[in-house]
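Descriptive structure summary
Each chain is listed here by its residues.
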Amino acid sequence: MRETTIYLSEQVGAALDQLAAQTGQSPEMIVTHAVVSYLQAQVHATPPSPNPQASLSLSQRRAFLKLPQEQRRRILQAQAEN
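The present account deals with the structure reproduced in this document. Model, not experiment: these values are computed from the prediction.

In terms of helices and strands, the protein chain carries four helices and zero strands. When the helices and strands of the protein chain are placed in sequence order, the string is α-α-α-α. Expressed as a percentage of the 82 residues in the protein chain, the buried residues total 13%. Restricting the contact set of the protein chain to residue pairs at least 6 apart, pairs at least 24 apart contribute 52%. Carbon together with sulfur atoms contributes 56% to the accessible area of the protein chain, which is approximately 7000 Å² in total.

The next thing to look at is the pattern of salt bridges. Counted by the stated rule, this structure contains one salt bridge. Arg73 is paired through a salt bridge with Glu70; the nearest N and O atoms lie 3.6 Å apart. Taken as a pair, Arg73 and Glu70 lie in helix 4 (residues 69-81) at a separation of three residues, close to a single helical turn. The class of Arg73 is partly exposed, set by a relative accessible area of 26%.

Residues spaced three or four apart along an α-helix point in a common direction, a consequence of the helix completing one turn every 3.6 residues. Across its 17 residues, helix 2 (residues 27-43) extends 24 Å between first and last C-alpha, which sits within 8% of the 24 Å expected from 1.5 Å per residue. All buried positions along helix 2 are accounted for by Met29, Ile30 and Val36. Axial view of helix 2: buried residues confined to an arc of 130 degrees, hence all on one face. Among the exposed residues of helix 2, those pointing more than 90 degrees away from its buried face are Glu28 and Tyr38. Packed against the buried residues of helix 2 are helix 1 (10-23) and helix 4.

Interaxial distance between helix 1 and helix 2 falls to 9 Å at its minimum, and their mutual angle equals 105 degrees. Classified by the angle their axes make, helix 1 and helix 2 are roughly perpendicular. Along the contact surface, helix 1 presents Leu16, Asp17, Leu19, Ala20 and Thr23, while helix 2 presents Pro27, Ile30 and Val31. Broken down by class, the residue content of the contact of helix 1 with helix 2 amounts to six nonpolar, one polar and one charged.

Moving on: a nonpolar patch on the surface. Residues Ile6, Leu8 and Val12 make up a contiguous nonpolar surface patch of about 250 Å² in total accessible area. Tracing the backbone shows Leu8 in the segment before helix 1. The exposure class of Leu8 is partly exposed, given its relative accessible area of 40%.

Here we come to the packing of helix 2 against helix 4. Where helix 2 meets helix 4, the axes come as close as 10 Å, and the angle between the chain directions of the two elements is 20 degrees. When the axes of helix 2 and helix 4 are compared, the pair comes out roughly parallel. Crossing hand, helix 2 versus helix 4: left-handed. Contacts between helix 2 and helix 4 involve Met29, His33, Val36 and Gln40 from the first element and Gln69, Arg72, Arg73, Leu76, Gln79 and Ala80 from the second. Its residues assigned to classes, the contact of helix 2 with helix 4 comprises four nonpolar, four polar and two charged.

Rules behind the numbers
- Residues numbered from 1 in each chain as written.
- Predicted model: local features only at pLDDT ≥ 70, side-chain atom pairs only at ≥ 80, totals over all residues.
- Heavy atoms only, no water.
- Helix = DSSP H or I, 4+ residues; strand = E, 2+ residues; numbered from the N terminus.
- Buried < 20%, exposed > 50% of the residue type's maximum accessible area, 1.4 Å probe, protein only.
- Contact = heavy atoms within 4.5 Å.
- Areas by Shrake-Rupley, 256 points an atom, 1.4 Å probe, with all protein chains shown as cover.
- Salt bridge = Lys/Arg side-chain N within 4 Å of Asp/Glu carboxyl O.
- Expected span 1.5 Å × (residues − 1).
- Arc of directions from axis to C-beta.
- Axes fitted to C-alpha atoms, helices over the stretch in contact; angles between N-to-C directions.
- Parallel < 35°, antiparallel > 145°, perpendicular 65-115°, else oblique.
- Nonpolar A, V, L, I, M, F, W, Y, C, P; charged D, E, K, R; others polar.
- Patch = residues over 30% accessible without salt bridge, like charges linked within 9 Å, V, L, I, M, F, W, Y side chains within 5 Å.
- Left-handed = near helix turned anticlockwise from the far one by under 90°.

Quick look at the structure:
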């Protein structure tokens, strides 16, 4: 992984810390996931799928969040490489 420094307002930093505490994820993992999601949306911008099953369900998202952090990291890294 590559280290990058970002500057956040106090309000955004506090919200990030609160989300990290609520989810049990590190702030770094939350930011990484957000950046990967944003980049995927920008690079792979396509019209919405007519198939509602194309996106993850809430239960699938919760199952992902229950995975060990290292496994989630590997999954996200693999997705970012594709």
